[in-house]
Structures are given as C-alpha cells and as structure tokens.
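Tertiary structure, described
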Amino acid sequence: MELKSCKKLYLKETHRIKSPEETFEVAEALTETAGITRVADITKLDRLNIPVFSCIRPGAADGAISVYNGKGVTPIAARVSAIMEGLERYSAELQESDQNQIITGKYPDLAEEFEILDPVELILPDAVDPDAVIPWTSGYEIMFADDGETLLAEELLVPAAAVYHPLPPHYYSIFRTGTNGIASGNALEEAVFHALCEVIERDAWSLAEAGKKGGKMIVGIDDADISNLINSFKEAGVDVILRDITSDIGLPTIVAVSDDVTLKDPTLLCLGMGTHSSPKIAALRALTEVAQSRATQIHGAREDATIADVRKQIGYDRTKRLNSKWFDESDTISWNEIKDISEEDFLDEIKNTIRALNRVGLQTVIVKDLTRPELGIPVVHVIIPGIESYAIDSDRMGLRCKEARSKAAKTGSRVRKYVRET
C-alpha cells in the first residue's frame, strides 16, 4: 500500500476530489453489482426539509443491516451518501474471494511466524480469551519513516473481527464486529482520511459519555451555510444547538443536539456528530446527521430501535433529564475559537492526523484496503489500537474512557462535598 499526494478539488459542503455529481455518475452505475435495489428520497417524511436518502440492499449478509441512509446539504449529496454507504457495507462483508486471505490460529503461535497485532490492544470485552483460535487477515500499519515526513506501510496480521462486518458465524469473534472506521472515497487517500475522522469521532463521543460531559455549547456562529441549516430546524419548531467535544487528539469534533419542542417525542431527541479538520465541515456533518436521524427514526429504519423503544417507555422529560449533559447551555465556546486545521491535500491531512494520534499515545494506525475489483470504489477500514468505541459498544471500555470516568467521579465527589459544606 502506498499513500500519495491527493489534492482536494471540491471544497463546498464537504472536502473531496470530485463533486457529488461526478461521484454519482460512477457510483450509481455500481448499485446493481452491489445488490442495491432501491434508493429512496425520504426527506419529506420529516418537516425539516433537509435532504435524507435511504438505500436498500436486500441481499446483505446475515448479521448485517440492509437499509443504509445518506445525508447532505443538497439532494445530490445525500443521494450519493446513501449509495456510497451501501457500497461500503458490500465491500466490508467477508466474501468467498476473501477466504483464501484468512488465517486461523492463536496469537502466541502466529506471533512466532508473522508480524501480528496483539488482540489485547483492541480493547476486548471482559472474560474474552485473547489467545483464542480466531480468524486473521492482513492489513498495513502506516507509520513515519525516520525523516518524520515519509509514510511507510508495513504488512501485519490483524483479527478479522476488526476488519470485516459481519463475520460468518462459523468463525469465533472476540468482540462484536462493526462499521466504525469503514469509509469510501473517490481515492484511497480520501477514504483513509474520512475513516480516520470517523474513528476519532467515536472516540470523542465515547470520552464524553464516559466522562458525562457534553462539551461546550458553541455560540457566535457566523457561517452562512451552518446558519441556514440551523434556521431550517428553527422554522420547523425544532431546537438545535452545536457543542464542541473535541478530544485531546485535536481534530474538531462537533455534536448537534436537537429537541423537537413541538412534538416532545423522546425518540426525536437526536444527536448528530461530525469530525473533520475543518470545523465547518464537522458542523455541517453533525447537523445533517441529526436530520438523517430524525427522518430514519420516523421511517422506522434505524439500527438502534431498542434505544427508541426504551425512550418511548420512559418518556420525553425523563429521557431529556438522563441526557442533560447534551442540553446544558451554561458553558460556552465561541465559534471562532475552534480553529480550522485543514490542508489542501489528503496526504497532508493523513500525516497531520497520525501525528496528532501519536502525540496522545496512540502510536499504531492500521489500514485494510477493502476495495472490491468489481466496484473499483476505494473502501478502507482504519483500525487504531487503544482508541475508544465505548459509545457504540459498551462492552469495550479502554484506558482513555476509564480515565475520563475516574476524573468525572472525582469532580462529582468534590461538588457533592462543596454542596454539603455550604
């Protein structure tokens, strides 16, 4: 694997090397190959009028969902987003052609012969045997050469559960497979950067949940595109605020929190998140993801239907109280304080992101190229050992989340002591 210079050529509501229209021309022709039978505009199911599309792939592997959703500032961007999501999921399934790449064995045995990732580094659930017989596949560790500038790629084995979703049931999995870190793009470098962003986003979200901190509410937003989206919520009678939950990694991570004050429906207390080197792109992603969450909740095509059922049972007021950290408006940050650190080249974005990860002790970045020859659309799965995914998999809590939880507990203890004394 070689990562090369990859100049951005489209810089509006997202950063890409092609416009949504150009991407659509390529992706739309591949839907049949990937088993996508329908792409539907579900925007009008909600009153926000922010574009949301749904993509259906009935032949998805057992254990995978078959409905995928896409968001965007424009209809074409949302349509492309849905299709690309479907192509990603198709590419990430373990297919017959991948079977010859699978090696089955125990970590200690394989470590004698191969460069291999210790499963313990992936934050395992309790009571899981890290030395169990599991399937493995190859990936590439991306690291800097001695000059501190050139990127090298060294092959190593990684647990197949960290790469493919889902794993066929005849394989033993040491944790639940998932799609965190899977991304597509018009080029390999574009896909890698957006996969990095997703993994960092889930880490920031996990730290917020573990530490019970919803970040600072963002005020003073003077960007016209962001303001237009916020106004779409307001005009529909939906309150929405943006919050900054950027972690120590430093890549801007923004949460959009919506509250349908008209319907007061607990299932429509939605979050949307975005991580990007450009705060504007992060905010637009967060806002359009809230719109997507609302539309898909109404459509009944969400993956977290269980959460929705629980919220219905406990009601609007209690759901909001239990998630009060996301609605607290007491601590604020000015929009202009969130710095844009974006670059013109995706290769530079990747380098800067790896440096940022390394600075906080996350030294290993692994990329698995999942690009299918029959599609030709670059798809990758990025794996960062030690980074958190607790917010989407509560069975796996690593040191970063444990430290955040411990810090929150100490702060809470000091507050309670102060209250008692005063």
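Residues numbered from 1 in each chain as written. Predicted model: local features only at pLDDT ≥ 70, side-chain atom pairs only at ≥ 80, totals over all residues. Heavy atoms only, no water.

Identification of the protein chain as YcaO domain-containing protein from Methanimicrococcus hacksteinii is taken from an unreviewed UniProt entry.

**A word on a negative patch on the surface**
A surface patch of negative charge is lined by D109, E112, E113, D129 and D131. One can find D109 in helix α3 (residues 107–110). (Patch = residues over 30% accessible without salt bridge, like charges linked within 9 Å, V, L, I, M, F, W, Y side chains within 5 Å. Areas by Shrake-Rupley, 256 points an atom, 1.4 Å probe, with all protein chains shown as cover. Salt bridge = Lys/Arg side-chain N within 4 Å of Asp/Glu carboxyl O. Lys, Arg positive; Asp, Glu negative; His and termini not counted. Charge placed at Lys NZ, Arg CZ, Asp CG, Glu CD. Helix = DSSP H or I, 4+ residues; strand = E, 2+ residues; numbered from the N terminus.)

**Comments concerning the sheet that holds strand β2 (residues 52–56)**
One open sheet holds the three strands; their spatial order is β1-β2-β3, and the pairing between them is antiparallel. Only two strands of the sheet have a single partner each, and these edge strands are β1 (38–41) and β3 (67–71). For this sheet the average axis-to-axis angle between neighbouring strands, irrespective of direction, equals 25 degrees. Note that β2 and β3 share five bridges and pair antiparallel. Note that in β3 the partner of I56 across the bridge is V67. Contacts from helix α2 (residues 75–92) reach β1, β2 and β3 within the one sheet, and its direction differs from that of β3 by about 145 degrees. (Pairing = 2+ DSSP bridges. Axes fitted to C-alpha atoms, helices over the stretch in contact; angles between N-to-C directions. Contact = heavy atoms within 4.5 Å.)

**Digging into the nonpolar core**
By size, the foremost hydrophobic cluster in this structure holds 45 residues, and its most contacted members are L87, V158, Y164, L167, F175 and I383. Secondary structure elements with two or more residues in this core: β2, α2, β5 (134–144), β6 (151–159) and β14 (379–383). Sorting elements by how many residues they give to this core places α2 first, with eight residues. Among residues more than four places away in sequence, those in contact with L167 are L94, P135, A160, A161, S173 and T177. Ranked by size, the runner-up nonpolar core spans 32 residues in total, among them L3, F144, A191 and F346. (Core = buried A, V, L, I, M, F, W, Y, C linked by side-chain atoms within 4.5 Å. Buried < 20%, exposed > 50% of the residue type's maximum accessible area, 1.4 Å probe, protein only.)

**Quick look at the pairing of strand β9 (residues 239–244)**
Counting buried positions along β9 yields five of six residues, so the element is predominantly enclosed. In this sheet, β9 lies alongside strand β8 (residues 216–219) in antiparallel orientation, the contact comprising two bridges. Looking at the pairing, K216 lines up with D244 of β9. Alignment of β9 against strand β10 (residues 253–259), held across six bridges, turns out to be antiparallel. Within β10, the position partnered with V240 by the bridge is S258.

**Here's the deal with the sheet that holds strand β11 (residues 271–275)**
Spatially, β11-β10-β9-β8-β12 is the arrangement adopted by the five strands of the open sheet, whose pairing is mixed. One side of each edge strand has no neighbouring strand; the edge strands of this open sheet are β11 and β12 (332–334). Put simply, the sheet's adjacent strands are angled 35 degrees from each other on average, direction ignored. Docked against the sheet, helix α6 (residues 279–299) engages β9, β10 and β11, running at close to 150 degrees with respect to β11.

**Things to note about the packing of helix α1 (residues 20–27) against α2**
Viewed as axis vectors pointing N to C, α1 and α2 meet at an angle of 40 degrees, and their least axial separation amounts to 9 Å. The angle between α1 and α2 places the two elements in the oblique class. Once α1 is placed against α2, the crossing between them reads as left-handed. Residue-level inspection shows P20, E21, T23, F24 and A27 of α1 in contact with α2, the latter providing I76, A77, R79, V80, I83, M84 and L87. Grouping the constituent residues of the contact of α1 with α2 by class yields nine nonpolar, one polar and two charged. (Parallel < 35°, antiparallel > 145°, perpendicular 65-115°, else oblique. Left-handed = near helix turned anticlockwise from the far one by under 90°. Nonpolar A, V, L, I, M, F, W, Y, C, P; charged D, E, K, R; others polar.)

**A word on the packing of helix α4 (residues 188–211) against helix α9 (residues 346–359)**
Where α4 meets α9, the axes come as close as 9 Å, and the angle between the chain directions of the two elements is 30 degrees. The orientation of α4 relative to α9 falls into the category roughly parallel. Read as a crossing pair, α4 and α9 show a hand that is left-handed. For the pair formed by α4 and α9, the contact residues are E189, E190, V192, F193, H194, L196 and I200 on the first element and F346, E349, I350, T353 and L357 on the second. Residues that form the contact of α4 with α9 fall into these classes: seven nonpolar, two polar and three charged.

**Details of α6**
An ideal rise of 1.5 Å per residue puts 30 Å on 21 residues; α6 measures up with 30 Å between its terminal C-alpha atoms. Of all 21 residues in α6, 17 are buried, a share of seventy percent or more. Looking one or two residues past α6, G300 carries a phi angle of roughly 80 degrees, positive in sign. (Expected span 1.5 Å × (residues − 1).)

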